[in-house]
Amino acid sequence: PNTFVLPQIPHGKHKIKWIVEDGCGNETVCEYPFEVKDCKKPTIVCKPLSVNIMQTGTITLWASDFLEYMFDNCTPSNQLTLGIVEEVVATGIFPRDPVTRLPIVQVTFDCNDMGPQIINLWAEDSRGNADYCAVYVQVQDNMGSCTQKATVAGELKTETAQGVSEGNVSLS
């Protein structure tokens, strides 16, 4: 009565069959179908970043840049799929390109995104279970790529092309 076995049953559809017999030789059989599914979401842990805008005025970051580690109960870590999305556009589902259905694996920040930004880093297992971690990226401009610069050059001349020795010029 206190002896039992915890079977290691593979994913899929199965059937369990009970056969009960009393002391008089009467027997009853009961069968019950069941399915073993992977319903557990993967575990994903993020690491924050601090980045500088490039001279182009943008910086592109990859999902793998934020990954500390990930694992799943059934899918090997090297077969988990990563995705990334800025929190302001997050939908609560694994980020995929609406046309190609491929995972979105990069985000781009520009001069309008200075300061802390939140991204959601996702992991999806082979059964479509997905979870995410939210993490900050500090977007900086230490090289001055976003500072607006202007150069003004020229000469002051009269209408007859004579140079003017003294004059005031203002820029607004």
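What comes next is a walk through the structure. All values reported here derive from a predicted model rather than from experimental measurement. (Residues numbered from 1 in each chain as written. Predicted model: local features only at pLDDT ≥ 70, side-chain atom pairs only at ≥ 80, totals over all residues. Heavy atoms only, no water.)

**Some thoughts on the overall build of the protein chain**
Within the protein chain, the regular secondary structure consists of zero helices and ten strands. Order of helices (α) and strands (β) in the protein chain, N terminus to C terminus: β-β-β-β-β-β-β-β-β-β. Compactness check: the protein chain gives a C-alpha radius of gyration of 32 Å against a globular reference of 16 Å for 172 residues, more than 25% above the reference. Projected onto the principal axes, the alpha-carbon positions of the protein chain cover approximately 130 × 30 × 25 Å. Split into buried and exposed, the 172 residues of the protein chain put 24% on the buried side. On the protein chain, the mean spot of the 12 positive side-chain charges and the mean spot of the 21 negative ones are 8 Å from each other. (Helix = DSSP H or I, 4+ residues; strand = E, 2+ residues; numbered from the N terminus. Rg over C-alpha atoms; globule rule 2.2 N^0.38 Å. Buried < 20%, exposed > 50% of the residue type's maximum accessible area, 1.4 Å probe, protein only. Lys, Arg positive; Asp, Glu negative; His and termini not counted. Charge placed at Lys NZ, Arg CZ, Asp CG, Glu CD.)

**Some thoughts on the sheet that holds strand β7 (residues 81-86)**
Ordered by their spatial adjacency, four strands build an open sheet running β4-β10-β9-β7, and the pairing between neighbours is mixed. A single partner strand is all that each edge strand has here, and the edge strands are β4 (49-52) and β7. Between one strand axis and the next, the sheet turns through 30° on average, direction left out of account. Both strand β9 (residues 115-124) and strand β10 (residues 130-140) contribute to a ladder of ten bridges, which runs antiparallel. Paired with Asn 120 across the bridge in β10 is Ala 134. (Pairing = 2+ DSSP bridges. Axes fitted to C-alpha atoms, helices over the stretch in contact; angles between N-to-C directions.)

**Remarks on a nonpolar patch on the surface**
Side chains of Ile 16, Trp 18, Val 20 and Tyr 32 sit close together on the surface and give an oily, nonpolar patch of about 410 Å² of accessible area. Structurally, Ile 16 is set in strand β1 (residues 12-21). (Patch = residues over 30% accessible without salt bridge, like charges linked within 9 Å, V, L, I, M, F, W, Y side chains within 5 Å. Areas by Shrake-Rupley, 256 points an atom, 1.4 Å probe, with all protein chains shown as cover. Salt bridge = Lys/Arg side-chain N within 4 Å of Asp/Glu carboxyl O.)

**Let's talk about the nonpolar core**
In terms of nonpolar packing, the biggest core is built from 22 residues, with Ile 44, Leu 61, Phe 66, Phe 109, Ile 119 and Leu 121 touching the most fellow members. Breaking this core down by element, the ones donating at least two residues are β3 (43-46), β5 (58-62), β6 (67-71), β7, β8 (106-110), β9 and β10. No other element matches the four residues that β10 contributes to this core. When near neighbours in sequence (up to four residues on either side) are disregarded, Ile 119 contacts Phe 66, Ile 84, Val 85, Glu 86, Glu 87, Val 107, Phe 109, Cys 133, Ala 134 and Val 135. (Core = buried A, V, L, I, M, F, W, Y, C linked by side-chain atoms within 4.5 Å. Contact = heavy atoms within 4.5 Å.)

**Description of the pattern of salt bridges**
Evaluated as defined, the whole model comprises four salt bridges. Of the charged contacts, one joins Glu 31 and Lys 15 as a salt bridge, the two residues approaching to 3.4 Å between their closest N and O atoms. One end of the pair, Glu 31, is in strand β2 (residues 27-36); the other, Lys 15, is in strand β1, with 16 residues separating them in the sequence. Using a relative accessible area of 57% as the deciding quantity, one classes Lys 15 as exposed. What emerges from the salt-bridge pattern is a single network uniting Lys 15, Lys 17 and Glu 31.

**A look at the packing of aromatic side chains**
Within the structure shown, the criterion is met by three aromatic pairs. Here Phe 94 and Trp 122 contribute two aromatic rings whose centre-to-centre distance is 6.4 Å and whose plane-to-plane angle is 80°, an arrangement assigned as edge-to-face. Here Phe 94 is found in the loop between β7 and β8, whereas its partner Trp 122 is found in strand β9, with 28 residues between them in sequence. Classification of Phe 94 as buried rests on a relative accessible area of 9%. Taking relative accessible area as the criterion, Trp 122 reaches 5% and is therefore assigned buried. With a centroid separation of 4.8 Å and 35° between ring planes, the pair formed by Trp 122 and Tyr 132 is classed as tilted. Of this pair, Trp 122 sits in strand β9 while Tyr 132 sits in strand β10, and the two are ten residues apart along the sequence. (Phe/Tyr/Trp six-rings, centres within 6.5 Å; stacked < 30°, edge-to-face > 60°.)

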